[in-house]
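So the chains spell out like this:
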Amino acid sequence: MARKLQTLKTTEQFERVRREGRVWAAPLVLLNAAPNALATVRCGFVAGKKIGKAVRRNRARRLIREAVRLRLPLIKEGWDLVWIARPAIAHAMYSDVAKDIDSLLRRSQLLVEPMGQAGPAERVQQHRHDLRKEDDPTAGAVQSRITEQEPAGHLHVQPD
């Protein structure tokens, strides 16, 4: 079962991570990480005014939060993480943010297992696929009817 994303809530929690933790940087996101005494991962998401007005700051936080939420099963327990949006994120796509988060998790060695052939993005896709299969017993039937993908990205489905 997937873990629920728990968040840092108080200023003291954020300050402790900044004071006691380590920092890793990527073009779109900074990661501050500090160990906690809990058997869970807690995350905080920060987007300062350099990102832009409220709409852009909220979008930046949503992009980071979603990318982290999908990777939560891959992150070691017992850490407080503060994710800080950098100004370049204002015009970034989700895939770019996800790549930066994968890079930061890899460099900070916060992933549960060492990186093998498949990267975090592939494992997230597999995790999503597994969840979908648990929720929808007909997912396999639909998948079996899809025969090929055209270069334009359109799927051919055999008629019933």
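Located above this text is the structure these notes cover.
To keep things clear, this report deals only with the structure shown in the data block.

Cut-off values and rules
Residues numbered from 1 in each chain as written. Predicted model: local features only at pLDDT ≥ 70, side-chain atom pairs only at ≥ 80, totals over all residues. Heavy atoms only, no water. Helix = DSSP H or I, 4+ residues; strand = E, 2+ residues; numbered from the N terminus. Buried < 20%, exposed > 50% of the residue type's maximum accessible area, 1.4 Å probe, protein only. Areas by Shrake-Rupley, 256 points an atom, 1.4 Å probe, with all protein chains shown as cover. Axes fitted to C-alpha atoms, helices over the stretch in contact; angles between N-to-C directions. Parallel < 35°, antiparallel > 145°, perpendicular 65-115°, else oblique. Left-handed = near helix turned anticlockwise from the far one by under 90°. Contact = heavy atoms within 4.5 Å. Nonpolar A, V, L, I, M, F, W, Y, C, P; charged D, E, K, R; others polar. Core = buried A, V, L, I, M, F, W, Y, C linked by side-chain atoms within 4.5 Å. Pairing = 2+ DSSP bridges.

1. A short note on the overall build of the chain
Line of reasoning, step 1. When its secondary structure is counted, the chain shows five helices and seven strands.
Line of reasoning, step 2. Secondary structure of the chain in N-to-C order comes out as β-α-β-β-β-α-β-α-α-α-β-β.
Line of reasoning, step 3. Expressed as a percentage of the 160 residues in the chain, the buried residues total 35%.
Line of reasoning, step 4. As presented, the chain carries roughly 10,200 Å² of accessible surface, and 53% of it is formed by carbon and sulfur atoms.

2. What about the packing of helix α2 (residues 54-71) against helix α3 (residues 94-107)?
Line of reasoning, step 1. With their axes 9 Å apart at the nearest point, α2 and α3 run at an angle of 55° to one another. In terms of their interaxial angle, α2 and α3 are classed as oblique. Considering the relative orientation of α2 and α3, their crossing is right-handed. Residues L63, I64, E66, A67, V68, L70 and R71 of α2 form the contact with α3, whose own contacting residues are Y94, V97, A98, I101, D102 and L105.
Line of reasoning, step 2. Taken together, the residues of the contact of α2 with α3 sort by class into ten nonpolar, no polar and three charged.

3. What to know about the nonpolar core
Line of reasoning, step 1. In terms of nonpolar packing, the biggest core is built from 32 residues, with I64, V68, L81, W83, I89 and V97 touching the most fellow members.
Line of reasoning, step 2. Going through the elements one at a time, β3 (29-35), β4 (41-46), α2, β5 (79-85) and α3 are the ones with two or more residues in this core.
Line of reasoning, step 3. Top element by residues in this core is α2. It accounts for five residues.
Line of reasoning, step 4. When sequence neighbours within four positions are dropped, the list of residues in contact with L81 reads L8, L31, N32, A33, V41, R42, C43, G44, I75 and L110.
Line of reasoning, step 5. In terms of nonpolar packing, the next biggest core, distinct from the first, is built from five residues, L8, V17, V82 and I84 among them.

4. Let's talk about the environment of V23
Line of reasoning, step 1. Tracing the chain through its elements places V23 in strand β2 (residues 22-25).
Line of reasoning, step 2. In this structure V23 comes out as partly exposed when scored by relative accessible area, which is 48%.
Line of reasoning, step 3. In the structure, V23 is positioned 60 residues away from W83 in sequence and 9.9 Å away in space, judged by C-alpha atoms.
Line of reasoning, step 4. Apart from the residues lying within four places of it in its own chain, the contact partners of V23 are L30, L31 and N32.

5. Digging into the pairing of β2
Line of reasoning, step 1. Two strands pair when backbone bridges link them, and β2 and β3 are joined in this way by four bridges, in the antiparallel orientation. In the strand pairing of β3, W24 is matched with L31.
Line of reasoning, step 2. In sequence, β2 turns back onto β3 through a hairpin of three residues.

6. Examining the environment of F45
Line of reasoning, step 1. Relative to the helices and strands, F45 is located in strand β4.
Line of reasoning, step 2. Accessibility expressed as a relative area gives 11% for F45, which makes it buried.
Line of reasoning, step 3. Along the chain, F45 and I84 lie 39 residues apart, while their C-alpha atoms are 6.0 Å from each other.
Line of reasoning, step 4. Residues contacting F45, with those up to four places away along its chain left out, are L5, F14, R61, I64, R65, V68 and W83.

Any functional reading would require information that these geometric values do not contain.
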